[in-house]
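Given next are the chains, with one letter for each unit.
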Amino acid sequence: MTEPHGGTRTPEDDDPVLRVRVQGESLDALRAFADETQPDTGCRAVARRTGTGYSLDVYLERSRLDAARSTRAAAQVRLDVVADETANGRERQHEVGTGDRFAARGEVPRGLGTKEPS
């Protein structure tokens, strides 16, 4: 299926990844929720202290968010959708240029990669 912006519709469009802020009064509440739902916490889960307890940002597909809201541990936390990361990623891809950025200067790139003249 083709999208208006010229892209192709993917399965991620139907079940986007959302960044969700999980807030609870205690670390135990956050831990119980994470243990029961097994969300993606990114590279490293970091619970932040808030005025009313603790919060943790996690990543869940929309379908998993609906299931997570119905778990036993969800009664002890509040779930707020912060961002649609699938949509954010698609928007950011428009910022990426095309072509070989080194070709115009005729220089070989510097860095740790293998250096091969063109």
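Analysis parameters
Residues numbered from 1 in each chain as written. Predicted model: local features only at pLDDT ≥ 70, side-chain atom pairs only at ≥ 80, totals over all residues. Heavy atoms only, no water. Buried < 20%, exposed > 50% of the residue type's maximum accessible area, 1.4 Å probe, protein only. Pairing = 2+ DSSP bridges. Helix = DSSP H or I, 4+ residues; strand = E, 2+ residues; numbered from the N terminus. Axes fitted to C-alpha atoms, helices over the stretch in contact; angles between N-to-C directions. Contact = heavy atoms within 4.5 Å.

## Let's talk about unusual backbone geometry
Thinking step 1. Positive phi outside glycine occurs at Q38, with the angle close to 50°.
Thinking step 2. Classification of Q38 as exposed rests on a relative accessible area of 53%.

## A few points about the sheet that holds strand β4 (residues 77-84)
Thinking step 1. Spatially, the 4 strands line up as an open sheet ordered β2-β3-β1-β4, and their pairing is antiparallel. With partners counted over all chains shown, the strands left at the sheet margins are β2 (48-50) and β4, one partner each. Pairwise comparison of adjacent strand axes, ignoring direction, gives a mean angle of 35° for this sheet.
Thinking step 2. Here strand β1 (residues 17-24) runs beside strand β3 (residues 53-61); their pairing, made up of 8 bridges, is antiparallel. Bridge pairing in β3 links V22 to L56.
Thinking step 3. In the packing of helix α4 (residues 85-93) onto the sheet, the strands contacted are β1, β3 and β4, and the crossing angle to β4 comes to about 20°.

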